[in-house]
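Spelled out from the first residue to the last, the chains are:
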Amino acid sequence: MYMRTCIPTLECPKAPAIQMHPSTVHHVLYSSLGDVKWDSFQIQYTGKKPDIDVPSWMSSSYDVWFRDPWEVIQNMLANPIFTGEMDYCPYHKFSLSNDECQWKDFMSGDWAWDQADEISKDPSTIGLTFVPVILGSNKTTVSVGTGNNKYYPLYASINAVAIIGFLAIPKTMCQYATDPRFQKFRHQLFHSSLSQILQTLRPGMTNSENHFHCVIYGLGPYITDYDEQVLLACIVRGWCPRCLAPCDNLDHDALDHFEEGTSGEFWNDYGIVGDLIPFTNDFPCANINKLIAPDILHQLIKGTFKDHLITWVEEYLEVTYRTYEVYLPAIESHVSLEIVQAFHTLLDFCYYVCQNIISETTLMQIQDALASAPNSLCSSITESKHIKAVKEPWQHSSHFNALSQMLQTNQRLDKLAAMQADFTSQGMMNGTAKTVPALTIELGIPQLSALVCQFLFEQLHPNNPQDLSDIPEFQFPNYDASSRFYAPSDIKLEGLQGLDVAHVLCFFSFFFKGSTFPCAVIHWFNTIGFAPNHSPNISIIHIDSIYHAAHLIPVYGTHFISCDLKFHYSYDSFWFYYVNKYADHHAFKIAF
């Protein structure tokens, strides 16, 4: 628990408008860097049609827009930002303390290892780097009031998420919506579209890729919610997309989806739609039932937590809370201890399955409930991408024939991202320079110059006990106001006993005698409990000493909070705070 100390109100200067030179605009629009153009194809119903009253969906053409996934992935592999950040082969990682196997990044999982074993059976593929292409799709609505506009984006990823297509959404009149022919066409349209879009990757799945001669592709996990898992796996709703477990007993030992029989037997006994052909049928070493990724967002967090537990407590309190990370302190002292414990147990489980490293001990703790989703590989990735790839481009369009405008927006955003990566690799994104007096005025901290002196002296002479008043004043040149955040990941600390909490007021760096000192101006919180206290309210620290972002939740007390209180006034309206270990899976691991 932490208590804030008084600090003068800081006035944030208004951000200047961004201006771009006309030549720069021309360079962005016509640069080929990161440019992958959009293309399209049409799909029509080719089955038997009735002689009269032919439904409109049978005669309509459906446009599918896409970008060549081969070119998109080529740009990802060539991006200098990911230099040294990629795993070129599957690996097994073991703890030094107890020799336990640990799963962290995607290539540490058993699936990647098994795929590499399968690929290596071909002598011509030995020594190649396996690049699994992770896919994801999910319908999203951009506007209800102007026609219920829906889009169906398709995403691909190997180290970043990129939009590679907009799938067609066939519509029909109400009387045909439940027609088995329409439902089959709609489902097969989805699979046929995916197969066609991904065709350029197929040659690189069996032979060395033509451009990057040491790369071989493969279809990786597919990220989506349960509704689309049913569509992908070609199963009946209510059945498991990964195995043949009966829908009324999913914990029962079950076979994989490898059985023989008639379509009727498939449907009734195993929940399989036998007359659909999944898109993975057109690609080597691909089994859609093995590629379905667990949906932690919708099935665990939303399903179990929000739809079940939240409803349960709302009925108990008749009060609605919306954010699950802050739910525990919100209901504290308002409900029984058993209800709080139920939330605590589920939240622990949610963050066990989302934590960065999953060990054998962790798997035992969650009793084999995790189907392996390292680094939170779930539909939250594609859900968050909807905002930048679909919703914001739609808002910036004229809303008339918006898709073509959205395609161009995404294309230009990718070009801008590629140019930024290129500029960064060439050292062109180092920011602008200001003086220490200018920063003093901007932050409203009169003693900033003295704090910089103290920080620099401590950096240069960490073991010198001499008082700063006895040392000649340092002379400082201009400092670079652009700096980067660095949080080490291998420091061993016993929770908050070795940590303290502070409010970062500014990140900056400065040069002194040929060396760069990245640092931060911070305001310390006073500690109530077992963690160390710092006497000064405002300090300058080296940026490497920042371990992790902390989420503070006010101690609300037993009284209800005014509805007029805005969230951005939280740090000015309360005196005591909890440190939230449920902010993310990193905080869950290190905080307590």
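Our structure's up above, just so we're on the same page.
Just so it is clear, the model here is predicted, and its values are computed rather than measured. (Residues numbered from 1 in each chain as written. Predicted model: local features only at pLDDT ≥ 70, side-chain atom pairs only at ≥ 80, totals over all residues. Heavy atoms only, no water.)

With that settled, the discussion passes to the overall build of the protein. When its secondary structure is counted, the protein shows 18 helices and 20 strands. The buried share of the protein, taken over its 592 residues, is 41%. Carbon and sulfur atoms make up 54% of the accessible area of the protein, which amounts to about 33,200 Å² in all. (Helix = DSSP H or I, 4+ residues; strand = E, 2+ residues; numbered from the N terminus. Buried < 20%, exposed > 50% of the residue type's maximum accessible area, 1.4 Å probe, protein only. Areas by Shrake-Rupley, 256 points an atom, 1.4 Å probe, with all protein chains shown as cover.)

This paragraph deals with the sheet that holds strand β10 (residues 161-166). Strand order in the open sheet made by the six strands is β2-β3-β10-β9-β6-β11, with mixed pairing throughout. Of all the strands in the sheet, just β2 (38-44) and β11 (215-223) have a single pairing partner and so form its edges. Strand-to-strand twist across the sheet, computed as the mean angle between neighbouring axes with direction ignored, equals 30 degrees. Examined bridge by bridge, strand β9 (residues 153-157) and β10 share five bridges and lie antiparallel to one another. From the neighbouring strand, P153 faces β10, where its bridge partner is F166. Sitting on the sheet, helix α4 (residues 110-119) is in contact with β6 (129-137) and β11, with an inclination near 125 degrees to β6. In the packing of helix α14 (residues 402-425) onto the sheet, the strands contacted are β2, β3 (61-67) and β10, and the crossing angle to β3 comes to about 10 degrees. (Pairing = 2+ DSSP bridges. Axes fitted to C-alpha atoms, helices over the stretch in contact; angles between N-to-C directions. Contact = heavy atoms within 4.5 Å.)

Once that is clear, we can look at the side chain of S193. Relative to the helices and strands, S193 resides in helix α5 (residues 180-197). If we ignore the near neighbours within four places in the chain, the residues touching S193 are F41, I43, V64 and L167.

The next thing to look at is the pairing of β3. Relative to β3, β2 runs antiparallel, the two sharing seven bridges. Across the sheet, the residue bridging to F41 is V64, located in β3.

What follows deals with helix α3 (residues 69-78). If you check which residues of α3 are buried, you get P69, V72, I73, Q74, M76 and L77. Of the surrounding elements, those touching the buried residues of α3 are β3, β6, β9, β10, α5 and β11.

A word on helix α16 (residues 448-460). In an α-helix there are 3.6 residues to a turn, and that puts residues three or four apart on one side. Spanning 13 residues, α16 covers 18 Å between terminal C-alpha atoms, matching the ideal 18 Å at 1.5 Å per step. Structurally, α16 contributes buried residues whose contacts are with α15 (436-443), β15 (502-512), β16 (515-524) and β18 (538-542). (Expected span 1.5 Å × (residues − 1).)

Here we come to the environment of T280. Along the polypeptide, T280 turns up in the loop between α7 (263-270) and α8 (288-291). Separated by 47 residues in the primary sequence, T280 and A233 place their C-alpha atoms 9.9 Å from one another. When sequence neighbours within four positions are dropped, the list of residues in contact with T280 reads L219, A286, I288 and L291.

Time to look at the pairing of β9. Across the five residues of β9, five count as buried, placing the element largely inside the fold. Burial along β9 is two-sided: the residues P153, Y155 and S157 and L154 and A156 are all buried. The sheet contact formed by β6 and β9 spans four bridges and is antiparallel. By the bridge assignment, I134 is partnered in β9 with S157.

Further remarks concern the nonpolar core. Formed by 44 residues in total, the largest nonpolar core has its most connected members in L135, Y217, L219 and F279. Here the element with the most residues in this core is α5; it accounts for six residues. Residue contacts for L135: discarding those within four places in its chain leaves Y155, A156, I164, L198, L219, P221, Y222, I223 and F279. Within the second largest apolar cluster, 18 residues are counted, among which are L443, I445, F455 and F508. (Core = buried A, V, L, I, M, F, W, Y, C linked by side-chain atoms within 4.5 Å.)

Further remarks concern unusual backbone geometry. Phi is mostly negative for residues that are not glycine, and the peptide bonds are mostly trans. Even without being glycine, N401 reaches a positive phi, approximately 50 degrees. Within the fold, N401 resides in the loop between α13 (380-396) and α14. The backbone of K513 shows a phi angle near 50 degrees, a positive value even though the residue is not glycine. Along the chain, K513 turns up in the loop between β15 and β16.

Next up on the list: the pattern of salt bridges. Inspection of every chain in the model, using the stated rule, returns seven salt bridges. In this structure, the salt-bridge partner of R67 is D414, at a minimum N-O distance of 2.5 Å. Highlighted residues: R67 in strand β3 and D414 in helix α14, separated in sequence by 347 residues. K121 is the salt-bridge partner of E118, the closest N and O atoms lying 3.1 Å from each other. (Salt bridge = Lys/Arg side-chain N within 4 Å of Asp/Glu carboxyl O.)

Attention now moves to the packing of aromatic side chains. In this description, a pair of aromatic rings is defined by centroid distance and the angle of the planes. The tally for this structure, following the rule as stated, stands at 17 aromatic pairs. Ring plane angle 25 degrees and centroid distance 5.9 Å describe the contact between Y152 and F190, whose orientation is recorded as stacked. Of the two residues, Y152 is situated in the loop between β8 (149-151) and β9 and F190 in helix α5; the sequence distance between them amounts to 38 residues. By relative accessible area, Y152 is classed as buried at 6%. Ring centres of F510 and F517 lie 5.5 Å apart, and the angle between their planes is 25 degrees; on these two criteria the pair is classed as stacked. Comparing F510 with F517, the two get one shared label, buried. One aromatic cluster is present, formed by Y45, W57, Y62, F182 and F185 through successive ring pairs. (Phe/Tyr/Trp six-rings, centres within 6.5 Å; stacked < 30°, edge-to-face > 60°.)

Okay, a nonpolar patch on the surface next. Residues I528, W575 and F576 make up a contiguous nonpolar surface patch of about 280 Å² in total accessible area. Counting through the fold element by element, F576 comes out in strand β20 (residues 576-579). Taking the relative accessible area as the measure of exposure, F576 reaches 36% and is therefore partly exposed. (Patch = residues over 30% accessible without salt bridge, like charges linked within 9 Å, V, L, I, M, F, W, Y side chains within 5 Å.)

Turning to the packing of α5 against helix α6 (residues 226-233), a few remarks are in order. Packing of α5 against α6 brings their axes to within 9 Å, and their N-to-C directions diverge by 80 degrees. In this view, α5 runs roughly perpendicular relative to α6, as classed from their interaxial angle. Contacts from H187, F190, H191 and L194 in α5 reach E228, L231 and L232 in α6. Looking at side-chain class alone, the contact of α5 with α6 contains four nonpolar, two polar and one charged residues. (Parallel < 35°, antiparallel > 145°, perpendicular 65-115°, else oblique. Nonpolar A, V, L, I, M, F, W, Y, C, P; charged D, E, K, R; others polar.)

Just distances and angles here, no functional claims.
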